[in-house]
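Observations on the three-dimensional arrangement
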Amino acid sequence: MRSLQAMLATILLVAGGNPSLADSTIDYTFGGGRTSNIFKDTTRLPASFAEAALSLRGSFDLEETDIAYAVTTRARRVPHYRFADERAAGIEIGLARDIDEAVKFTLRGSIEHRQTGDVLLALPGLLIGYRQADILANASTGLTIEHAGGKSHVTASLARFGPGKARLTIPGLPRVQLEGGNTLYEVTGGHIRPLFGGEVGATVQFRTNRIPGDPQDNFERYPAQTLRGSIAFGRVFGAVTLLAEAGLVRVESPDLGASVDPTRPFLKTELAWAITDTVALKGKLSRDIALADIDDPLGEDVRTVSMALETALTEKLKLSLAFEQAYSDWLAYDYRTRTNATTATLTYTLEKGASVALEYSHLVRKETDETANFKVNGLAARFQGSF
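The name given to the protein chain in an unreviewed UniProt entry is Outer membrane beta-barrel protein, and the organism recorded there is Shinella oryzae.

As structure tokens, then:
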């Protein structure tokens with residue numbers, strides 16, 4: 001974990017030696033565990049792992065501009081499969097400025113360097129893995145205007161994924177490109193205003209996923225774009241907070257088959273209920289078309305349902321139970337996946353805000369091709385806190 005040690009030293013040096021960062025916060029997490037399926041696939045290989053994460057975050061004012069920053073690093077070590085080790089380091093900066101009493105301008109950017117590993121080929125007695133380094137970059141700018149009793153907003157953003165060449169675990173072989181990159185552009189505009197004791201809003205969003213020319217056929221990734229219109233309403237009803245948004249989303253691509261329905265429902269609903277002072281229930285329901293970070297060459301119609309229950313067993317001991325079910329219908333291929341994930345976490349709060357957490361997780365993946373189905377059981381312990 002040399003990269004983590006170097007980043008740790010840098011963060012502590014910057015935070016301790018720069019007076020302007022005296023009010024900054026350092027978050028840390030250290031832990032480890034064991035999983036029945038380290039690669040989350042049909043190889044079903046069990047392994048133990050150790051993990052750590054560290055971040056420096058804070059904010060300050062500079063000539064009437066609010067600046068927020070975060071420097072983060074994380075690592076995971078898998079002793080039995082060293083090619084599966086993970087390392088990542090990144091930086092994020094955000095600026096917010098009030099142009100006048102009714103106009104606010106925001107600008108954000110981030111970049112992360114990530115090293116990961118996975119299995120390329122698994123045969124009886126033979127396991128070939130690989131490692132690659134990727135660059136992930138994000139940038140966005142927004143403008144909010146208060147007028148006519150409400151707020152209008154427009155945001156433009158891009159997210160770039162640049163994969164590196166993979167280094168195979170077989171000595172002497174050259175690096176190879178296993179996947180292509182993409183850039184997702186997004187423009188969102190809308191208006192929010194008070195209504196019926198809550199807030200109502202209308203949103204229009206355009207997204208387009210650009211794929212470099214050569215990788216389109218080499219890696220089966222093709223460009224697509226979506227246009228979405230929706231109406232949202234949010235309100236607090238005593239101990240219940242509700243946000244509901246519904247509309248339509250339409251996908252277009254030269255590679256979209258004629259038999260595929262291009263117009264789908266859009267849905268986003270969130271519910272938070274403080275049942276008692278020590279028990280809280282949260283629920284989410286969503287449906288949208290995903291264009292990036294997908295397995296299909298074009299996009300996936302993703303529907304997600306999740307619930308989480310949090311309860312304080314004692315003043316310092318908390319139990320969290322979470323369940324999520326995600327359905328994905330692929331657009332280019334006649335293929336479907338379903339993923340069920342269950343998590344139970346027991347957290348004990350120590351002095352000075354630190355805590356110890358014990359987490360059990362269970363994941364079940366089912367696909368149209370039943371030979372691709374798999375399960376994952378995991379147990380992890382973590383020590384985390386801030387100072």
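Still to come is the rest of the account.
Let us look at the overall build of the protein chain. When helices and strands are counted, the protein chain shows two helices and 19 strands. Taking 21 Å as the expected radius of gyration for a compact globule of 387 residues, we find that the protein chain reaches 23 Å, a close match to that expectation. Once the C-alpha set of the protein chain is aligned to its principal axes, its extents read approximately 70 × 60 × 45 Å. Looking at the protein chain residue by residue over its 387 residues, the buried ones come to 34%. In the protein chain, once contacts between residues fewer than 6 apart in sequence are set aside, the share between residues at least 24 apart is 51%. Summing over all exposed atoms, the protein chain offers an accessible surface of approximately 22000 Å²; the carbon and sulfur share of this is 59%. Of the charged side chains in the protein chain, 42 are positive and 46 negative, and the gap between their average positions amounts to 5 Å.

What follows deals with the pattern of salt bridges. Within the structure shown, the criterion is met by 18 salt bridges. Its salt-bridge partner being Glu367, residue Arg365 comes within 3.0 Å of it at the nearest N-O pair. Owing to a relative accessible area of 18%, Glu367 belongs among the buried residues under this scheme. Within this structure, Glu51, Glu359 and Arg382 form a network of salt bridges that share partners.

Before going further, it helps to spend a moment on the environment of Thr25. Summarising the element assignment, Thr25 is placed in strand β1 (residues 25-35). Separated by 32 residues in sequence, Thr25 and Arg57 place their C-alpha atoms 5.4 Å apart.

Further remarks concern the side chain of Glu300. Structurally, Glu300 is set in strand β15 (residues 300-312). Despite its burial, Glu300 remains without a salt bridge, the nearest opposite charge being carried by Arg365 at 6.5 Å. At 2.4 Å, the side chain of Glu300 forms a polar contact with the side chain of Ser328. Aside from chain neighbours lying at most four places away, what touches Glu300 is Asp288, Ile289, Ala290, Ile294, Asp295, Ser328, Asp329, Trp330 and Leu331.

What follows concerns a negative patch on the surface. On the surface, Asp61, Asp66, Asp98, Asp100 and Glu101 cluster together to form a negatively charged patch. Structurally, Asp98 is set in strand β4 (residues 86-100).

Across 14 bridges, the pairing between strand β6 (residues 126-147) and strand β7 (residues 150-163) is antiparallel. Following the sheet pairing, Ala137 is matched in β7 by Arg160. Counted between consecutive antiparallel strands, the loop separating β6 from β7 contains two residues, among which Ala148 sits at a positive phi close to 50 degrees. Sheet topology note: the β7/strand β9 (residues 182-195) ladder contains 11 bridges and is antiparallel. Considered in β9, the bridge of Ser152 is made with His191.

Evaluation of the coordinates by the stated rule reveals eight aromatic pairs. Taking 5.9 Å as the distance between ring centres and 45 degrees as the angle between the ring planes, the aromatic pair formed by Tyr28 and Phe387 counts as tilted. Residue Tyr28 is located in strand β1, and its partner Phe387 is located in the segment after β19 (374-386); the two are separated by 359 residues in the primary sequence. By relative accessible area, which is 13% here, Tyr28 ends up buried.

It is worth spelling out the environment of Leu178 at this point. Inspection of the secondary structure assignment puts Leu178 in the loop between β8 (167-168) and β9. Separated by 46 residues in the primary sequence, Leu178 and Gln132 have C-alpha atoms spaced 9.3 Å apart.

Bringing a positive patch on the surface into the picture now. Together, Lys268, Lys282, Lys284 and Lys318 make up a positively charged patch on the protein surface. Checked against the element boundaries, Lys284 lands in strand β14 (residues 279-290).

Another aspect to go through is the pairing of β4. Relative to β4, strand β3 (residues 65-77) runs antiparallel, the two sharing 12 bridges. Bridging from a neighbouring strand, Arg76 pairs with Glu86 of β4. Relative to strand β5 (residues 103-123), β4 runs antiparallel, the two being bridged by 13 bridges. Bridge assignment links Ile93 to a residue of β5, and that residue is Gly109. Counting the residues between successive antiparallel strands, the hairpin from β4 to β5 contains two residues.

Reading guide: rules and limits
Residues numbered from 1 in each chain as written. Predicted model: local features only at pLDDT ≥ 70, side-chain atom pairs only at ≥ 80, totals over all residues. Heavy atoms only, no water. Helix = DSSP H or I, 4+ residues; strand = E, 2+ residues; numbered from the N terminus. Rg over C-alpha atoms; globule rule 2.2 N^0.38 Å. Buried < 20%, exposed > 50% of the residue type's maximum accessible area, 1.4 Å probe, protein only. Contact = heavy atoms within 4.5 Å. Areas by Shrake-Rupley, 256 points an atom, 1.4 Å probe, with all protein chains shown as cover. Lys, Arg positive; Asp, Glu negative; His and termini not counted. Charge placed at Lys NZ, Arg CZ, Asp CG, Glu CD. Salt bridge = Lys/Arg side-chain N within 4 Å of Asp/Glu carboxyl O. Polar contact = N/O pair within 3.5 Å; in protein donor to acceptor, adjacent residues only side chain to side chain. Patch = residues over 30% accessible without salt bridge, like charges linked within 9 Å, V, L, I, M, F, W, Y side chains within 5 Å. Pairing = 2+ DSSP bridges. Phe/Tyr/Trp six-rings, centres within 6.5 Å; stacked < 30°, edge-to-face > 60°.

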